[in-house]
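Chain by chain, the residues:
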Amino acid sequence: MEKLNPQQVAILYRHLDQNGTDDALIEELLDHLACEVEHFMWIGLSFEMALEKVRLEANAKAVSHLRDVYKIELTMTDEQLRQASLDDIVFEFRNKAYGAYDLRQEYRKSLRTALVLSLGLSMMLVALLSVFSNRNWSYMSVWGAMWMLGLVAVAYAAGTWFHQRIQHKYRMAE
Amino acid sequence: MEPSGNEFLRGTLKTIVLKLLTERGRMYGYEITQSVKERTQGEVVLTFGALYPVLHKLQQEGLLITESVEVDGRLRKYYTLTPRGNETALQKVSDFERFVEVMKHLLQPAPVLSMGQ
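All values reported here derive from a predicted model rather than from experimental measurement.

## Topic: the interface of chain B and chain A
The partner chain A presents 20 residues to the 15 residues of chain B that form the contact. Put simply, the parts of the chain that give the side of chain B that touches chain A at least two residues each are helix H2 (29-39), helix H3 (48-60) and strand S3 (74-81) of chain B. The element best represented in the side of chain B that touches chain A is H3 of chain B, accounting for seven residues. Grouping the constituent residues of the side of chain B that touches chain A by class yields five nonpolar, five polar and five charged.

Laid out in structure tokens, this is it:
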């Protein structure tokens, strides 16, 4: 069976985009329409004719009707709304996989990690500077304690960052 | 099918989708429409406008999970039943079979009472 080339898929994508397809739906509808075009081409139509047939089917009216159906049928239930964050509500029917949703979800965590990391690094730096000016070093001094504390903070931040990355990868793979 | 057929179809769409998924395991949207078309010899044609809201509703209810796979440079979304989806599918199919049975009785001409003669 003949496959569409990227340019032909792009034509379909533009068609869907111009008719106002929701972000969350567009990839799936694109694949659906591309399959239909391929099917029509397989039974012997040219690409242009197949495209025209599919365009007629997926016209602006059909797409906007679909959007209306989604707004009615798939809005969050009261139960879900009570648990939903502002992000969930703003990003309903939008493309969560694109990245903005994730960034917003992780914002607090990232901020905390960054704060701990910079605090730790500056504590280590202060301790290091004191070593250079005093020319002696003991773990039992105030500077020694500061060095250790900074080290722990940096390790903690690095650990959280790593953990967050793994979780992120896992979510993306879903 | 005639427009009145669409009216009957609307209520059974969920059952049809769940049933197909119990048989085939993993399917994507276009595959479902084709499969329905083939098995009904073209009597039932699902449009994307009818199918996808049902699929996403089932997903929202936790009966299906999805998995996106890149095929020919496009993202294809496959649907699979969750364990709860499997139970619901069996339940819905048996409910629907009973409904069809009952409807058959209703559509048959009423038996003529000829006892005791």
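## Section: the confidence of the model for chain B
When pLDDT is averaged across chain B, the result is 86; 91% of the residues are at 70 or more. Note on the complex model: pTM 0.64, ipTM 0.79.

## A look at the UniProt feature "transmembrane region" (unreviewed entry) in chain A
The positions that UniProt labels "transmembrane region" (unreviewed entry) are, in the present scheme, residues 114-132 and 144-162 of chain A. Here residues 114-132 of chain A is 100% helix and 0% strand, with 27 Å between the C-alpha atoms at its ends.

## Structural notes on the nonpolar core
Residues Leu33, Ala34 and Val37 of chain A together with Val17 of chain B are the most contacted members of the largest nonpolar core, which totals 34 residues. Those elements giving two or more residues to this core turn out to be helix H1 (6-18), helix H2 (23-42), helix H3 (47-57) and helix H4 (60-73) of chain A together with helix H1 (3-24), H2, H3 and S3 of chain B. Element by element, the count of residues in this core is highest for H2 of chain A, at seven residues. Val17 of chain B has contacts with Ile32, Val54, Leu55 and Leu58 of chain B, leaving out every residue within four places of it along the chain. In this structure, Met123, Ala127, Trp143 and Ala157 of chain A belong to the second largest nonpolar core, which totals six residues.

Reading the values: rules and limits
Residues numbered from 1 in each chain as written. Chains lettered and ligands numbered in written order. Predicted model: local features only at pLDDT ≥ 70, side-chain atom pairs only at ≥ 80, totals over all residues. Contact = placed C-beta atoms within 7 Å. Helix = DSSP H or I, 4+ residues; strand = E, 2+ residues; numbered from the N terminus. Nonpolar A, V, L, I, M, F, W, Y, C, P; charged D, E, K, R; others polar. pLDDT = per-residue confidence, 0-100. UniProt positions renumbered as here; feature names shortened; annotations may be inferred. Core = buried A, V, L, I, M, F, W, Y, C linked by C-beta atoms within 7 Å. Buried ≥ 20, exposed ≤ 12 C-beta atoms within 10 Å, placed from the backbone.

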